[in-house]
Structure formats: C-alpha cells, structure tokens
Amino acid sequence: MEKKIKEIKERKESFQTDSGISIERSYPAQERPLEKAGAFPFTRGVHEAGYRSRLWTMRQYAGFSTAEESNKRYHYLLGQGTTGLSVAFDLPTQIGYDSDHDFADGEVGKVGVAIDSIRDMEILFKGIPLEKISTSMTINATAYILLALYVGVAKKQGADIRLLSGTVQNDILKEYAARGTYIYPPKPSMKIITDIFEYCSKELPKWNTISVSGYHIREAGSNAVQELAFTLANGKAYLEAAIDAGLDINVFAKRISFFFNAHNNFFEEVAKFRAARRMWAKITKSLGATEARAQKLRFHTQTGGSTLTAQQPLNNISRVTMQALSAVLGGTQSLHTNGYDEALALPTEQAARIALRSQQVIAFESGVTDTVDPLAGSHFVEELTDQVEAAAAKYMEKIDAMGGAVSAIEAGYIQEEIARSAYQYQKDIESRDKIIVGMNQFTVEEKLNPDLLKIDDSIRVLQSEKLQKLRSERNNAQVKRLLAELSQTAKDGRNVMPVVVEAVEAETTLGEISDELRKIFGEYQG
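I will try to describe carefully the structure that is included in this document. These numbers come from a predicted model, not from an experiment. In this numbering scheme, every chain counts its residues from 1 along its sequence in written order. Where totals are concerned, whole chains, interfaces and linings use all residues; where local detail is concerned, this predicted model gives features only for residues with pLDDT of at least 70, and gives and counts side-chain atom pairs only at 80 or more. Hydrogens and waters are ignored; side-chain quantities use all the structure's heavy atoms.

A word on the overall build of the protein
When helices and strands are counted, the protein shows 20 helices and nine strands. As defined in this context, the radius of gyration uses C-alpha atoms, and a globule is described by 2.2 Å times the residue total to the power 0.38. In summary, the protein has a C-alpha radius of gyration of 23 Å against a globular reference of 24 Å for 526 residues, a match within 12%. Along the first, second and third principal axes, the C-alpha atoms of the protein reach 100 × 55 × 45 Å. Residue contacts follow a heavy-atom distance rule, with two residues in contact if any of their heavy atoms lie within 4.5 Å. Restricting to contacts in the protein with at least 6 residues of sequence separation, those with at least 24 account for 78%. Each helix is a run of H or I in the DSSP string that is no shorter than four residues. Each strand is a run of E no shorter than two, and both are numbered from the N terminus.

Structural data, given as structure tokens:
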C-alpha cells in the first residue's frame, strides 16, 4: 500500500521581502554567467580583489553640541580605530541660519554640531590633519558653504587642497522628496550643485562632489526597491544637469558616490546593493560614460536608524551587526554603524565604541572579507538581485515618463509613494504581520536608562557669544563687499564657489551667505 505523503504546513501562507517580492520555498539550480568583480556592469563589486586588497572605510557619524565637544569625540573615535570621519551638523547649520537667529532657538547643537563660521570649523578639526583623513559631511542645502569652510581650514593648516579627500552629501533632490532641509527652489539648488562639480574638478580632484542619498528616502518610509529606484533617478538627474552645464561625464561621474541604508531584510539588502551597481553602470554608459571609473557605483552605507527600538535597546546591537554584514556582503566602500542607544538620544561613547567594534569583528574575525562577493552564484541571491533590479527599473521608467526626478518630485509622485509604503509598514507592525522583537512581541517591563547623552540649551548662548565676538573683530567692510560680489555672481549665473571660499576666509558667517542667496533665489515653499 502506497504511503501518503504528509503535507508540510508552513508558518505563513506566503513569504515576501519588505518590498513585496515573493520568496519561493527554494530556488532551482541555474547556469548563470558570472562576470568578474571589477568588470562591467560591476554586479560583483567595483574592485577586482574586493576586500582582499583594502577593507571598507570604517566611519562613525558624530557631531553634537559645540565644535569643541565634537572635536573631542573625533579624537576619541580616531584613537579607537575609525579610519574616516562623518560629520553631523545641527538643524540651523543645515538650513542656513546662524546660531543666534530666531529660527535657531531650541535647535542649536541638538542633532549635530553647530557651525557658524570658519572659527568653528577650525576648532572642529583641531589637531586633525585634513590632508591625511577622509571626511564625509552630511550636508545638503548649505553644502557649498561647508565645503568652502573645509577648504579654508585646510589652507590655514598649510595643506595642499588638491590632496583633500572626502564627500559632501550635496543631494538636494532627496530633501524635497523625503527630508525637508532645503532652502532654495530646485532649479537654483541644482545650479549650485553643478557649481560644486565644476569647482572640485579643477581645485579638489580627489573630492567626492555629491553623495546621492537613498538613506533618508528609506528613513522616510520607502521600501528597498523604492530606495534604489528613487536614488538612482536622482543620480541620473544630477548627471543630466552636469552634462547640460557642459561638464564631461567621464570626469565628474568619477566623483559621484552614493549613500544607502542597510535595513533588516538581510538578503533583500544584499540584492539591492548588487543591483544598484549594475543599474548605475548601465545608466552612466547610456549617457555617454566610456571610462570604467565613471561607470562604477561607489557607496557608503549606514545601518537603519528607523529600525532601532527604544524598547530593549541592547537588541539593537544584533540588528546593527546583521545590517552591517549585509552591507559588507553587498560590497560597500564605507560603513557607519549606529549606536544601540540612538533611538533614545545621541550615542554615548560606549555605544559608539560597540558600534565600531561590530564592524571590526566582521572585518577581522568573520572571514567574509577573504573572498570577493561570497554570495555570488547563490540561486536565491542572484534571482533576488534580478527581481530587485526589474522592480526598480519599472519605477524609473515611470519617473522618466514624467520628465525625470525633478518633475516627479514637483508632481508629488515620489513623496506619495514613500508615504504609501511607510503607512503600510506601520500597519503591518501594528497588526503584528511584521514582528519587531522587543517592541510588538517578546516585550518586557523596562526602566529608562539614565546614562543618556543630552545637549544643554545653553549651547545657543555660547555660540551667540562667539558670533558677537567674531562680528566685532573681523573686517566688516570686506564682508560687505564680498556679499555684494556673491549676489552679483549669482545674478550673472556664474560659479559661486570661488567667492564663497573667499567670503568664509574673511569670516563671513554661514547665515549671512545663505541669506544673501535667499534674496536672489527665494525660498522653496514645499
């Protein structure tokens, strides 16, 4: 008598990634041609030897309170093995207001460091030779000013500015779509970005002039496919703007980098990173890039801030480690790992150290860095890479049909798609279709951790006193002349960067420069 095969009962009716891509029970073996790492379209990585030749840059995002306090944290992190700095700026700095402006009240030094002038920037990097360290600055609307300040400080150090390496995020399109720290309308903002491209191609050849950021798109609630599609659409818009400005894609595309989020769905994140390289290679080639370096997508990754839970915060160490591993297996060039306490406050030194140690354990103990793209050939990973690419390509086709990323943002399409995804994700958490350990399941009663880093409101008073002293000691006639020159330069459509560098060296403040261009360009009303 034939024995009846018992049907296997699965945990759920269907399994999907966070982007809604169906996951099969198993994937049949397939013969797939696998190109070499370092070869077009770079699915397996942009370097032939992967991490066997060089590990990723280990960054820790830091910046809070005053330049003095942030400088202490930078020295601490460098002493713990950080190989690159990532600077966080406070909200007034991000949106172009000095610390003594009425709009800055209650925000000075809270989510990053307050930078009002070249004096603050000098203190921020005191004792740190800018020729020898790579610095990433998460700044967008005022990126042109912060870059000018960085150049000014490097000159004061006696550095050869042609040797400076680092990145300004400089991605204004995602601010309109997801984050909100914009100042000027899209068109003049895009002009400033191309000014930075042109200036750096001549003066700072090693500097990454833009980091096209999917990170904040993801933090605003997008899924992995949307993060990829909207980020690459923005990147394509920057390429087209630079080409329209007469710049050579084989020159400026080499200095474009990307900034992605590493979220919880491990294999989808790996697939996203692999698909991103492949898609960008095709985009750059289609727009005329013929040199391999101009076709390569290089990216920084940060673990998902929105995935951190205030409940049972030590669980975040496991989350961050898994997310960091997905970025490494996906081939990141640079990585920041979040502190376990960041859902509650700015990270303490202990939390920042554990986050960095997580990267170091992956790099030196796990063995995953010993071979290139170790998940290549996995039937699941290869199929998922193809599916993520196909789904992202559909979004990009819609955006192209609207006239590109700027038009899609102006029409509200990208914002609506992100909002829809965020709403669904929250619904899934509330219905427990998605389990968040320690938050909606496996909960315990907890006491608030008293050892949190808090920023005193007196920081604004200190910064205001510094500004008052600066304005009394500088050459105000020179500042007035340079602001008038900046205004005329902007009206004429010329490159603003040279005069902005001169202005910050003359101790013109960030707020004064921002306000001068507000008069010319106006402010964006989102």
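Now that the structure is up, let's keep going.
With respect to the pairing of strand 4 (residues 165–168)
Put simply, side chains in a regular strand alternate between the two faces of the sheet. Here the rule is simple: two strands pair whenever DSSP picks up at least two bridges between them. Pairing of strand 3 (residues 134–138) with strand 4, which is carried by four bridges, proceeds in the parallel orientation. Looking across to strand 4, one finds that Ser-134 is bridged to Ser-165.

Section: unusual backbone geometry
With an omega dihedral of 5°, the bond running from Phe-40 to Pro-41 counts as a cis peptide bond. Among the structural elements, Pro-41 can be located in the segment before strand 1 (57–62). Notably, Gln-312 is not glycine yet its phi reads approximately 45°, a positive angle. Following the sequence through the fold, Gln-312 ends up in the loop between strand 8 (299–303) and helix 12 (315–329). A positive phi angle is found at Glu-507, which is not glycine, with a value near 70°.

Describing the side chain of Asn-261
Locating Asn-261 in the fold gives a position in strand 7 (residues 256–262). Relative accessibility under 20% of the residue-type maximum defines a buried residue, over 50% an exposed one, and the middle range a partly exposed one, all with a 1.4 Å probe and only protein chains included. Taking relative accessible area as the criterion, Asn-261 reaches 0% and is therefore assigned buried. Asn-261 has contacts with Tyr-215, Arg-218, Glu-219, Glu-227, Glu-269, Lys-272, Phe-273, Thr-301, Gln-302, Thr-303 and Gly-304, leaving out every residue within four places of it along the chain.

Re the packing of helix 4 (residues 143–156) against helix 19 (residues 497–505)
In this analysis an axis means a line fitted to C-alpha atoms, helices contributing only their contacting stretch, and an angle means the value between N-to-C directions, from 0 to 180 degrees. Two elements in contact, helix 4 and helix 19, have axes whose closest approach is 9 Å; the angle formed by their N-to-C orientations is 60°. Our classification of the angle between helix 4 and helix 19 gives oblique. Once helix 4 is placed against helix 19, the crossing between them reads as right-handed. The residues of helix 19 that touch helix 4, namely those facing Tyr-144, Ile-145, Leu-147, Ala-148, Leu-149, Val-151, Gly-152 and Lys-155, are Met-497, Val-500, Val-501, Val-504 and Glu-505. Residue classes follow a fixed rule: Ala, Val, Leu, Ile, Met, Phe, Trp, Tyr, Cys and Pro count as nonpolar, while Asp, Glu, Lys and Arg count as charged, and any other residue, Gly among them, counts as polar. Taken together, the residues of the contact of helix 4 with helix 19 sort by class into ten nonpolar, one polar and two charged. Any angle that falls under 35 degrees is termed roughly parallel, while one over 145 is termed roughly antiparallel, one within 65 to 115 roughly perpendicular, and all others oblique. Crossings are assigned a handedness: left-handed for a near helix turned anticlockwise from the far helix by less than a right angle, right-handed for a clockwise turn.

Re the nonpolar core
A general trend in soluble globular proteins is that nonpolar side chains are found buried together. Grouped together as the largest cluster of nonpolar side chains are 120 residues, with contacts concentrated most on Met-121, Met-137 and Tyr-144. Sorting elements by how many residues they give to this core places helix 4 first, with eleven residues. Apart from residues lying up to four places away in sequence, Tyr-144 is in contact with Tyr-184, Ile-192, Ile-196, Met-497, Val-500, Ile-513, Ser-514 and Leu-517. Counting five residues, the second largest nonpolar core, distinct from the first, contains Phe-266, Val-270, Leu-329 and Leu-375. Buried Ala, Val, Leu, Ile, Met, Phe, Trp, Tyr and Cys residues form a nonpolar core when they are joined through side-chain atoms within 4.5 Å.

Focus on the packing of helix 10 (residues 266–286) against helix 12
When two helices pack together, their arrangement is captured by the angle between the axes and the distance separating the axes. Closest axis-to-axis distance for the helix 10/helix 12 pair is 8 Å, and the angle between their directions is 30°. The angle between helix 10 and helix 12 falls in the class roughly parallel. Seen from above, helix 10 lies across helix 12 with right-handed handedness. Contacts from Phe-266, Glu-269, Val-270 and Phe-273 of helix 10 reach helix 12 at Met-322, Leu-325, Ser-326, Ala-327 and Leu-329. Partitioning the contact of helix 10 with helix 12 into residue classes produces seven nonpolar, one polar and one charged.

Some points on the packing of aromatic side chains
The geometry of an aromatic ring pair comes down to the distance between the two centres and the angle between the two planes. A pair of aromatic rings is counted whenever rings of Phe, Tyr or Trp (Trp by its six-membered ring) have centres within 6.5 Å, and the orientation is called stacked for planes under 30 degrees apart, edge-to-face for over 60 and tilted otherwise. All chains considered together, the criterion is met by 21 aromatic pairs. Look at Tyr-51 and Trp-56: their rings are 5.1 Å apart centre to centre, the planes differ by 75°, and that puts the pair in the edge-to-face class. Judged by relative accessible area, which is 15%, Tyr-51 ranks as buried. Taking the relative accessible area as the measure of exposure, Trp-56 reaches 3% and is therefore buried. Look at Tyr-176 and Tyr-524: their rings are 4.8 Å apart centre to centre, the planes differ by 70°, and that puts the pair in the edge-to-face class. Here Tyr-524 lies in the segment after helix 20 (510–521) and Tyr-176 lies in helix 5 (residues 173–179), a separation of 348 residues in the sequence. Judged by relative accessible area, Tyr-524 falls into the partly exposed class, the value being 22%.

All quantities given are derived from atomic positions and should not be read as evidence of function.
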